[in-house]
Amino acid sequence: MTEYEGIVKMLRFFVQTRNFSYVDRIGNALNPEPVEVALLEALRAFRSIRESASVDENGGRYIEKDGNKILLPGIPSGEEVMGFLKDVRSDTGVAKLVATLALAYPSKKENSGGDV
Amino acid sequence: MFLSVGVRFEANVEALNMVETAGNYGKHRRVPYLVEEDGRLKTVYVPAMSGESLAHAYQEHLVNEALSADLPVCDDCWRMEFYKSMNKVHLKKKVDPIPDDPKKIEEAIVKACVVEDVGGFLYAEKPPVRRSSAFQVSYALPVKSVALFATSEPQLHARHAQMDASSKKGNASEQMIYYVETGTALYGFTFNLDLDAVGVSAITSKPILDENEIKKRREASLKALFRMLSSGQFGAKLSRFFPVGGITELVVSVTEHPFVVTSPIYDDYLEKTQRRLKVLESFGEEYLFTAATGEKVPEEALKEAIDYLHEKGAF
Ligand SMILES: [Zn+2]
């Protein structure tokens, strides 16, 4: 699933901010349309949040929630999104897997700051 | 007696039900919708309003109607904060000490508050006590035949702040732009009111209040519905996004026992409802059916239903 790392990281960011709506909609979708819509909305919201995020001394973007600093990953690339949606069209199970990974604890300490 | 209302309303550029805000983007509620196109079913996402949002508005009107009829409303509901005796802290304001018997708890709440009598409550302690709402409301959804024309569209707005160079901090901007997603559709929803449940225990099915009080509460419940529909005071962001449009059609049925009008999201809902009622009639049940689709305005149809209920001795 490393090919959808960007999407997983973005969804994980929403999970960290206790917004489960996107990950639930992507993970519970019965057909590809809801995945498309949820991903579109997630990307739209994520861009909005990035725009107003603070920048730390290392150039990483972050927001503060309940006193915790949450780093923002990069925006998933167009190719990644294209590949993901194409895969979801042939097998909705891919969406479920991505959502499950987003809910899981990351396997190693990630440099979630992403791009600057 | 059971009242059921089907409402169709046109709302252009409304923000009646907003869900999360992400950064500077406020989103309209949207739901997946199954529509038929060229003989095939497909899922489309359409703007919608939740039943919760409509129910909240109805209960606000109920507070006002109850107060003007000198009926009891608890302090929480009076402030339009519908906690509904959810825990000891809120229940203690109505009855202290709190009784152990669920029947006694229900009685105390119903006596103290019309909103919780009509709108139900959930006391989530030991023992838990729950009362179903006497009124029911659906989501407002676009009418099926035109659902494909429903839109939700973000509108750009700006908020200004006056700042001189000295007070400017970091990269703070003098104007903040934000987007509000607005919906446009012909919506339909259903509202039901079980008048027999007002003032009656949900546990024992016996009246908690005397007949006179029950009749007054029924009347207040109907007036609240009338006021809500007539004033268009439901949903969010009315101060700047008051929907352009209004009720286009409305049907009402009053039956002796529960009966729900066919959902107004279907184009033939009026005929279907009438046909269904004819069957009830053949079982010997009396009913009233009235519709505001052409000549009649919605208020006239609702008034007819209220008059009929009055005649029947419901209040
Ligand atoms: Zn109350």
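Note that the structure is predicted; figures quoted are calculated from it, not measured. (Residues numbered from 1 in each chain as written. Chains lettered and ligands numbered in written order. Predicted model: local features only at pLDDT ≥ 70, side-chain atom pairs only at ≥ 80, totals over all residues. Heavy atoms only, no water.)

## Remarks on the interface of chain B and chain A
Each partner contributes to the interface: chain B provides ten residues, whereas chain A provides 15 residues. Buried area between chain B and chain A, both sides added, is near 890 Å², and the carbon and sulfur share of it is 48%. Viewed at the interface, chain A and chain B are joined by two salt bridges. Among the ionic pairs, B:K27 bridges to A:E41, the shortest N-O distance being 2.9 Å. (Contact = heavy atoms within 4.5 Å. Buried area = accessible area lost by both parts, 1.4 Å probe. Salt bridge = Lys/Arg side-chain N within 4 Å of Asp/Glu carboxyl O.)

## What about the coordination of the zinc ion?
All names here are of chain B. At the metal site, the zinc ion is ligated by C74 (SG), C77 (SG), C113 (SG) and E116 (OE), and these contacts range over 1.8 to 2.3 Å. Each of the four donor atoms bound to the zinc ion contributes to angles spanning 101 to 119°, and the resulting shape is tetrahedral. The motif formed by the donor residues of the zinc ion, counted along the single chain, is C-x2-C-x35-C-x2-E. Here C77, found in helix α2 (residues 75-78), pairs with E116, found in helix α5 (residues 114-119); they are 39 residues apart in sequence, far enough to count as distant. You'll find C77 and E116 in the same group, each marked buried. (Donors = N, O, S within 2.8 Å, 3.2 Å for Na, K, Ca; no water. Tetrahedral: all angles 85-135°; square planar, octahedral: opposite > 155°, others 65-115°. Helix = DSSP H or I, 4+ residues; strand = E, 2+ residues; numbered from the N terminus. Buried < 20%, exposed > 50% of the residue type's maximum accessible area, 1.4 Å probe, protein only.)

## Notes on the pattern of salt bridges
A side chain with one charge can pair with a side chain of the opposite charge if their charged atoms come near. Residue and element names in this part refer to chain A. The final tally for this structure, using the stated rule, is 26 salt bridges over all chains. We note a salt bridge from E36 to R89, for which the minimum N-O separation is 2.6 Å. With E36 in helix α3 (residues 32-51) and R89 in helix α4 (residues 78-90), this residue pair connects regions lying 53 residues apart in the sequence. Judged by relative accessible area, E36 falls into the partly exposed class, the value being 30%. You can call R89 partly exposed: its relative accessible area is 46%.

## Some thoughts on the packing of helix α1 (residues 51-68) of chain B against helix α6 (residues 211-231) of chain B
Residue and element names in this part refer to chain B. Following both chains from N to C, one finds α1 and α6 inclined at 120°, their axes separated by 8 Å at the closest point. Judged on the interaxial angle alone, α6 and α1 are oblique. In this structure, α1 crosses over α6, and the sense of that crossing is right-handed. Contact residues: α1 offers L54, A57, Y58, H61, L62, E65 and A66, while α6 offers A220, S221, K223, A224, L225, R227, M228 and S231. Taken together, the residues of the contact of α1 with α6 sort by class into nine nonpolar, three polar and three charged. (Axes fitted to C-alpha atoms, helices over the stretch in contact; angles between N-to-C directions. Parallel < 35°, antiparallel > 145°, perpendicular 65-115°, else oblique. Left-handed = near helix turned anticlockwise from the far one by under 90°. Nonpolar A, V, L, I, M, F, W, Y, C, P; charged D, E, K, R; others polar.)

## A word on the confidence of the model for chain B
Detailed reading of the predicted coordinates is not advisable wherever pLDDT is low. Overall, the prediction assigns chain B a mean pLDDT of 94, with 96% of residues at 70 or greater. If you check the scores for this complex, the pTM reads 0.91 and the ipTM reads 0.78. (pLDDT = per-residue confidence, 0-100.)

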